[in-house]
Amino acid sequence: MHLTSILPRLRRDRSGVALIEFAYAMPAVMAMGMYGVESANLAQTHMRVSQVALMLADNASRAGVDATGGTIQQLREIDINDIMQGVRLQQNRLDLANRGRVTLSSLETNSDGGQWIHWQRCLGMKQGAGWDSSYGKAGDGKTGTAFPGMGNAGSEVQAPAGEAVMYVEINYQYRSLFGTMTAIVGSPVIQYTASYIVRDKRDLSGNSGSGIYDPSPSVGSAKMTCDKYTT
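First things first, this report covers the structure right here in the doc. Just so it is clear, the structure is predicted and the values come from calculations on it, not from any experiment.

## Notes on the side chain of D79
No. 1: Its place among the elements puts D79 in helix α3 (residues 77-90).
No. 2: Of the polar contacts made by the side chain of D79, one reaches the side chain of R76; its length is 2.8 Å.
No. 3: Setting aside residues no more than four positions away along its own chain, D79 makes contact with A63, G64, V65 and Q74.

## Remarks on the packing of aromatic side chains
No. 1: Tallied over the entire structure, the rule returns one aromatic pair.
No. 2: Note on Y135 and Y167: the rings are 6.0 Å apart at their centroids and 90° apart in plane angle, and the pair reads as edge-to-face. Of this pair, Y135 sits in the loop between β4 (115-123) and β5 (164-173) while Y167 sits in strand β5, and the two are 32 residues apart along the sequence.
No. 3: A relative accessible area of 3% means that Y167 is categorised as buried.

## As for the layout of surface pockets
Unoccupied space between atoms shows up once a probe the size of one water molecule is rolled over them.
No. 1: In this structure, the largest pocket encloses a volume near 170 Å³.
No. 2: Around the largest pocket, the lining residues are N41, Q44, T45, R48, R93, L94, Y172, Y174, R175, S176 and L177.
No. 3: At four residues, helix α2 (residues 17-62) tops the list of elements feeding residues into the lining of the largest pocket.
No. 4: Among the residues forming the lining of the largest pocket, the class breakdown is four nonpolar, four polar and three charged.

## With respect to the sheet that holds strand β3 (residues 100-109)
No. 1: Ordered by their spatial adjacency, four strands build an open sheet running β4-β3-β5-β6, and the pairing between neighbours is antiparallel. At either end of the open sheet lies a strand with only one pairing partner, and these are β4 and β6 (189-197). Strand-to-strand twist in this sheet, taken as the mean axis angle between neighbours without regard to direction, amounts to 20°.
No. 2: By the bridge criterion, eight bridges tie β3 to β4 in an arrangement that is antiparallel.

## Remarks on the environment of G186
No. 1: You can see G186 is positioned in the loop between β5 and β6.
No. 2: The class of G186 is partly exposed, set by a relative accessible area of 23%.
No. 3: When the C-alpha atoms of G186 and S208 are compared, they prove to be 47 Å apart, with 22 residues separating the residues in sequence.

## Some details on the nonpolar core
No. 1: Ranked by size, the top nonpolar core spans 33 residues in total, and within it M84, L104 and I170 carry the most contacts.
No. 2: For this core, the secondary-structure elements that each account for two or more residues are α2, α3, α4 (96-99), β3, β4, β5 and β6.

## Considerations on the sheet that holds strand β7 (residues 202-203)
No. 1: Taken in spatial order, the three strands line up as β1-β2-β7 in an open sheet, and their pairing is mixed. If you trace the sheet from one side to the other, it starts and ends with β1 (65-66) and β7, each paired once.
No. 2: Strand direction decides the pairing type here: β1 and strand β2 (residues 73-74), joined by two bridges, are antiparallel. Paired with V65 across the bridge in β2 is Q74.

## Structural notes on α3
No. 1: For α3, spanning 14 residues, the distance from its first C-alpha to its last is 20 Å, which sits close to the expected 20 Å at 1.5 Å a residue.
No. 2: Those residues of α3 that sit buried are E77, D79, I80, N81, I83, M84 and V87.

Thresholds applied
Residues numbered from 1 in each chain as written. Predicted model: local features only at pLDDT ≥ 70, side-chain atom pairs only at ≥ 80, totals over all residues. Heavy atoms only, no water. Helix = DSSP H or I, 4+ residues; strand = E, 2+ residues; numbered from the N terminus. Polar contact = N/O pair within 3.5 Å; in protein donor to acceptor, adjacent residues only side chain to side chain. Contact = heavy atoms within 4.5 Å. Phe/Tyr/Trp six-rings, centres within 6.5 Å; stacked < 30°, edge-to-face > 60°. Buried < 20%, exposed > 50% of the residue type's maximum accessible area, 1.4 Å probe, protein only. 1 Å grid on protein atoms, 1.4 Å probe; cavity = no way out; pocket = protein on both sides within 12 Å on 5 of 7 lines; lining within 4 Å. Points joined across faces, edges and corners; volume = space filled by probe spheres on them. Nonpolar A, V, L, I, M, F, W, Y, C, P; charged D, E, K, R; others polar. Pairing = 2+ DSSP bridges. Axes fitted to C-alpha atoms, helices over the stretch in contact; angles between N-to-C directions. Core = buried A, V, L, I, M, F, W, Y, C linked by side-chain atoms within 4.5 Å. Expected span 1.5 Å × (residues − 1).

Here you go:
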């Protein structure tokens, strides 16, 4: 068959046009699809981290045991360990303990009527600026009235006189669905806070003024103090 007879037939043949058009469009379609899926996963992760913060603050506000059968509750180290274990179990898929930092603070009023952070307990392996508490450390505001409370400037959370507020901060490193292809939405640090006033009358003195009791058998080295980084 001569080439001169084939060329006219090729000009009239349109059977591969759709396939070629799809080949050109496929990279853009895939990129948009991946962006949509990644954006949905990021939104869902924001919701999950927010729910963890709310759950922890709520549980911490309820934790404790009645002291000598009375109406005053004592918060114990074992109670804190239990509610932190709840954080691990609730969002095990997030791997929050390895990819983030959870800080639980007891915001109270000091003897001068000012705000202070009586104690803090932490969970997570991340550390340093951007991971540890953004609003203070244990002992801040112990005296005087200069410490404004916890939260964004101008809208700080403050504890009522004689009461305590459980203030939670979570910083979490988002994990992309597509591994190293983080350029789709980036690899942001998701940050959420939550706070609840303690529900029952709580004994805020603790062992030696620590704010937390640790009766026998003591939790010992299992205390989740913020100078440790643990899963």
